[in-house]
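Structural overview for review
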Amino acid sequence: VLVHGDLTNSSNVLQLNKRITGIIDWEWALNGDPAWDFAYNNLYDLELYFNEFSFTTSGRRDFEKRRTVYFLFICIFWSYLHADNPSGDLYQWCIRQLEWALDNRS
């Protein structure tokens, strides 16, 4: 599946009257898992996506699990990139997300 790779940047999604009219900035596009595009930005309603592509209940659960794994990967990567500034907002936010995930793992 073609994955945009940077939908976390909402300025890449063009809208008019609350309808998506286009998506720009495709330099990070690749063939991959569509859950990646939903890993960070929780603004997108997955119900519409699930209904459009006829996901089963188990398919939805699997998609959400992959989305969570990718989100944690993003947090690990960003905390690594910003480790030189451990008091920085992004580093601290990522560490809090990872600590929460470790404390709440099943």
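Cut-offs applied
Residues numbered from 1 in each chain as written. Predicted model: local features only at pLDDT ≥ 70, side-chain atom pairs only at ≥ 80, totals over all residues. Heavy atoms only, no water. Helix = DSSP H or I, 4+ residues; strand = E, 2+ residues; numbered from the N terminus. Contact = heavy atoms within 4.5 Å. Phe/Tyr/Trp six-rings, centres within 6.5 Å; stacked < 30°, edge-to-face > 60°. Core = buried A, V, L, I, M, F, W, Y, C linked by side-chain atoms within 4.5 Å. Buried < 20%, exposed > 50% of the residue type's maximum accessible area, 1.4 Å probe, protein only.

**Some words on the side chain of Ser79**
- Looking at the element boundaries, Ser79 is found in helix H2 (residues 57-81).
- Contact partners of Ser79, with chain neighbours within four places excluded, come to Tyr91, Cys94, Ile95 and Leu98.

**With respect to the packing of aromatic side chains**
- With the rule as written, the count across this model stands at eight aromatic pairs.
- When the centroid spacing of 5.6 Å and the interplanar angle of 65 degrees are considered together, the rings of Trp36 and Tyr70 count as edge-to-face. With a gap of 34 residues between them, Trp36 in the loop between strand S4 (30-31) and helix H1 (46-52) and Tyr70 in helix H2 connect regions that are remote in the sequence.
- Look at Phe71 and Trp93: their rings are 5.9 Å apart centre to centre, the planes differ by 90 degrees, and that puts the pair in the edge-to-face class. Residue Phe71 is found in helix H2, and its partner Trp93 is found in helix H3 (residues 89-103); the two are separated by 22 residues along the sequence.

**Points about the nonpolar core**
- In terms of nonpolar packing, the biggest core is built from six residues, these being Ala35, Phe38, Leu46, Tyr49, Phe50 and Phe63.
- Ignoring any residue separated from it by four or fewer positions in sequence, one finds Ala35 in contact with Phe63, Arg66, Arg67 and Tyr70.

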